[in-house]
Amino acid sequence: EEQEEDMQRELRCFLRHITERLYLDRRFKTFTKPVDTVQVPDYLQVIKQPMDLSSLLTNIDKHKYITVNEFVRDADLIWNNALTYNPDSATLDRKIRHRAHALKDALHAIIREHLDPEFEKACEAMKERR
Ligand SMILES: CC(=O)c1csc(NC(=O)C2C[NH2+]C2)n1
């Protein structure tokens, strides 16, 4: 009903704020768009669930996430995929892994700083009711 729609609108606003903060951070430029599988042809053999910051924004606007936890599961794919695809000691791999860890830390710091646990509980309760 009405207050549930208000809560979901507030959730989408919160998730957009997080995603836009990360999108604007120059360290995370490599994570803003889907990996170009023409330039990186073996990417989809290695990574089964690609994710990126622009896709998160699209998903938010398509009402894919009704709890913060569902959003975090997709957001965690971004940096986890980068660790998986870049395991070597080569300089570029290490640079991307460093950025992946920075993305993980920034994502979870913003959530810890801004998320009211009672709000997430209310979203989870609504998910159970549906
Ligand atoms: C987004 C992401 O994880 C990504 C984009 S390119 C890349 N890695 C490379 O191009 C090579 C360095 N060893 C493979 N990783």
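Everything below is about the structure printed above this text.
The shown structure was predicted, so the numbers you read here are calculated from the model rather than taken from an experiment.

Novice: Outline the site of the ligand, listing residues and values.
Specialist: Taken together, T30, V35, A82, Y85, N86, L92, D93 and I96 are the residues near the ligand. Between a nitrogen atom of the ligand and a side-chain N or O atom of N86, the distance comes to 2.7 Å. The side chain of D93 places a nitrogen or oxygen atom 2.6 Å from a nitrogen atom of the ligand. No other element matches helix α5 (residues 91-114), which puts three residues into the shell around the ligand. Among the residues forming the shell around the ligand, the class breakdown is five nonpolar, two polar and one charged.

Novice: Explain the packing of aromatic side chains to me, and be specific about the residues and the numbers.
Specialist: The tally for this structure, following the rule as stated, stands at two aromatic pairs. Ring geometry for Y43 and Y85: centres 4.9 Å apart, planes at 65 degrees, overall edge-to-face. On the criterion of sequence distance, the pair formed by Y43 in helix α2 (residues 43-46) and Y85 in helix α4 (residues 68-85) is long-range, its members being 42 residues apart. The class of Y43 is buried, set by a relative accessible area of 8%. Of the residues examined, Y85 reaches a relative accessible area of 22% and is grouped as partly exposed. Each ring, one from Y65 and one from F71, has its centre 5.6 Å from the other, and the planes form 85 degrees; the classification is edge-to-face. Accessibility assignment for this pair places Y65 and F71 in one class, buried.

The rules behind the values
Residues numbered from 1 in each chain as written. Predicted model: local features only at pLDDT ≥ 70, side-chain atom pairs only at ≥ 80, totals over all residues. Heavy atoms only, no water. Near = heavy atom within 4 Å. Polar contact = N/O pair within 3.5 Å; in protein donor to acceptor, adjacent residues only side chain to side chain. Helix = DSSP H or I, 4+ residues; strand = E, 2+ residues; numbered from the N terminus. Nonpolar A, V, L, I, M, F, W, Y, C, P; charged D, E, K, R; others polar. Phe/Tyr/Trp six-rings, centres within 6.5 Å; stacked < 30°, edge-to-face > 60°. Buried < 20%, exposed > 50% of the residue type's maximum accessible area, 1.4 Å probe, protein only.

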